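Chain by chain, the residues:
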Amino acid sequence: MNIQMVDVRRQYQKYKEEIDRAVLRVMESGQFINGPDVWGFAEDIQRYLGIKHAIPCASGTDALQLALMALEVGPGDEVITTPFTFVATAETIALLGARPVYVDIDPQTYNLDAARLEEAISSRTKAIIPVHLYGQAADMDAILEVARRHNLPVIEDAAQALGGHYKDKPLCTLGDLACISFFPSKNLGAFGDAGMVTTNNDALAEKVRMIANHGSRVRYRHEILGVNSRLDTIQAAVLRVKLKHLDEWNNQRRRCAHYYSAGLKDLEVVTPVEADYARHIYHQYTVQVENRDALQKHLQEAGIPSAIHYPIPLHLQPAFRDSYGYREGDFPIAERSAARVISLPMHPDLTRQEQDYILEAIHKFYH
Ligand SMILES: *Cc1c(COP(=O)(O)O)cnc(C)c1O
């Protein structure tokens, strides 16, 4: 058996003909920057989400930076987010000279605990970034209610959650801005880096577009400070083919997750909790266990890969902890989760036989 955390090769083999044709079409067109595939993909996403603007960019990290720049986040500002996420969420805040301010997570969903949000707001707060971690929505109504009361914009970090829902609404349509990643291992993955910012706000869309294009609307006239962040044309061609299958893949992920959870229910394993407001799309299937490192070693010996998302909460990362004065114990739920979580293989092409083998290996560990 050849079990992968994410099997990008198996997926490519399945859709090879159509993807190859799309990529070759770009090569033959000679249009390697922007062009019909890039704008076409942006329109596909707008239609898929029912959103007014989708602005392509070079990565999910860039999407976060562009969104923060559009909100004019800079030195002296604070941006509130979760300490339990991929580094990019806080890295972009810090790179712009602002301070990442963390709110501890809900122990069941691992997402920013909306009940603790208000106490983190200060006169310097410029924005709030909830992350839909592992593919499950943060509690957006509660977060937006606090944000609106304080007149603060919300950026959804939906890097792991394209295709997920909050109540009956698609993620990426709830905040003032949302950021998507098409990193190869994400639920909709390119064959390299790619990202996108979405918004229903015309003025913010115009600003993000300008910033992504060197602060320019008219060639060689640069109105504001910008960057070069484009979605590669070949990646757009690949993504256009793959987007058509995203809902089907997310359903397969859900089926696999429910099968895992049923198979693990009698063990000392804390399986993922689906909040009643969320349609979880399982970018990761992440459980909590007491003896995580021993379980990981046991799985590895059985030829089963696993991963830790994430072993160090952001407030304790060496790159951040000293400049902002955070300490161990500041966000105990994030810290406890970081010490206990482990993600099992999860992708749409995981066979039932592979799922059974993984469950069996975990049962053996506990018996
Ligand atoms: C992947 C990811 C990002 C960054 O996306 P890239 O495309 O890799 O730059 C940001 N935030 C979260 C939560 C992610 O999982």
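Residues numbered from 1 in each chain as written. Predicted model: local features only at pLDDT ≥ 70, side-chain atom pairs only at ≥ 80, totals over all residues. Heavy atoms only, no water.

Peer 1: Run through the packing of helix H2 (residues 36-49) against helix H7 (residues 233-243), naming residues and quoting values.
Peer 2: As a packed pair, H2 and H7 sit with axes 8 Å apart at the nearest point and diverge in direction by 35 degrees. Considering the relative orientation of H2 and H7, their crossing is left-handed. Two secondary-structure elements touch here, H2 through Pro 36, Asp 37, Val 38, Gly 40, Phe 41, Asp 44, Ile 45 and Tyr 48 and H7 through Thr 233, Ala 236, Ala 237, Leu 239, Arg 240 and Leu 243. Each residue belonging to the contact of H2 with H7 can be placed in one class, and the counts come to nine nonpolar, two polar and three charged. (Axes fitted to C-alpha atoms, helices over the stretch in contact; angles between N-to-C directions. Helix = DSSP H or I, 4+ residues; strand = E, 2+ residues; numbered from the N terminus. Left-handed = near helix turned anticlockwise from the far one by under 90°. Contact = heavy atoms within 4.5 Å. Nonpolar A, V, L, I, M, F, W, Y, C, P; charged D, E, K, R; others polar.)

Peer 1: Just give me the short version of the sheet that holds strand E4 (residues 125-129), but keep the residues and values in it.
Peer 2: Backbone hydrogen bonds hold the strands of a sheet together, and the pairing may be parallel or antiparallel. Taken together, the three strands give an open sheet; going across it, the order is E3-E2-E4, and neighbouring strands pair in parallel fashion. With one partner strand each, in any of the chains shown, strand E3 (99-102) and E4 form the two edges of the open sheet. Neighbour to neighbour, the strand axes of the sheet diverge by 30 degrees on average, direction disregarded. Alignment of strand E2 (residues 78-81) against E3, held across four bridges, turns out to be parallel. (Pairing = 2+ DSSP bridges.)

Peer 1: Before we move on, can you summarise the side chain of Gln 288 with the specific residues and values?
Peer 2: Checked against the element boundaries, Gln 288 lands in strand E13 (residues 285-288). According to the relative accessible area criterion, Gln 288 is buried, its value standing at 7%. A distance of 3.0 Å separates the side chain of Gln 288 from the side chain of Tyr 110, its partner in a polar contact. In this structure Gln 288 touches Pro 107, Tyr 110, Glu 268, Val 269, Val 270, Arg 340 and Val 341, once residues within four positions along its chain are discounted. (Buried < 20%, exposed > 50% of the residue type's maximum accessible area, 1.4 Å probe, protein only. Polar contact = N/O pair within 3.5 Å; in protein donor to acceptor, adjacent residues only side chain to side chain.)

Peer 1: How would you explain the nonpolar core if you had to name every residue and give the values?
Peer 2: Soluble, globular proteins show a tendency: their nonpolar side chains are buried together. One finds Phe 41 and Phe 182 to be the most contacted residues of the largest nonpolar core, which totals 98 residues. Residue-level mapping places this core at the junction of two domains, with at least three residues from each of domain 1 (8-243) and domain 2 (246-366). Contact partners of Phe 41, with chain neighbours within four places excluded, come to Phe 182, Leu 188, Met 196, Leu 231, Ala 236, Leu 239, Arg 240 and Leu 243. Membership of the second largest hydrophobic core comes to 27 residues, among which are Leu 66, Val 79, Ala 205 and Ile 211. (Core = buried A, V, L, I, M, F, W, Y, C linked by side-chain atoms within 4.5 Å. Domains from an automatic or database assignment.)

Peer 1: Just give me the short version of the sheet that holds strand E8 (residues 177-181), but keep the residues and values in it.
Peer 2: Taken in spatial order, the four strands line up as E1-E9-E8-E5 in an open sheet, and their pairing is mixed. Strands at the two margins of the open sheet, each flanked by one partner only, are strand E1 (53-57) and strand E5 (155-157). The average undirected angle you get between the axes of adjacent strands in this sheet is 20 degrees. Bridge count between E1 and strand E9 (residues 195-199): five bridges; the pairing is antiparallel. In the strand pairing of E9, Ala 54 is matched with Thr 198.

Peer 1: Report on helix H8 (residues 246-264), specifying residues and quantitative values.
Peer 2: The end-to-end C-alpha separation of H8 is 27 Å, in line with the 27 Å expected for 19 residues at 1.5 Å each. Looking only at H8, the buried set comprises Leu 246, Trp 249, Asn 250, Arg 253, Arg 254, Cys 256, Ala 257, Tyr 260, Ser 261 and Leu 264. Down the axis of H8, the buried side of the element spans an arc of 165 degrees, and every buried residue falls inside it. (Expected span 1.5 Å × (residues − 1). Arc of directions from axis to C-beta.)

Peer 1: Tell me about H2, and name the residues and values.
Peer 2: Across its 14 residues, H2 extends 20 Å between first and last C-alpha, which sits within 8% of the 20 Å expected from 1.5 Å per residue. Of all the positions in H2, only Asp 37, Val 38, Gly 40, Phe 41, Ala 42, Asp 44, Ile 45, Gln 46 and Leu 49 are classed as buried. Looking at the buried side of H2, the elements it contacts are helix H1 (8-29), E1, strand E7 (169-170), E8, E9 and H7. Residue Gly 50 follows H2 closely and has a positive phi angle near 70 degrees.

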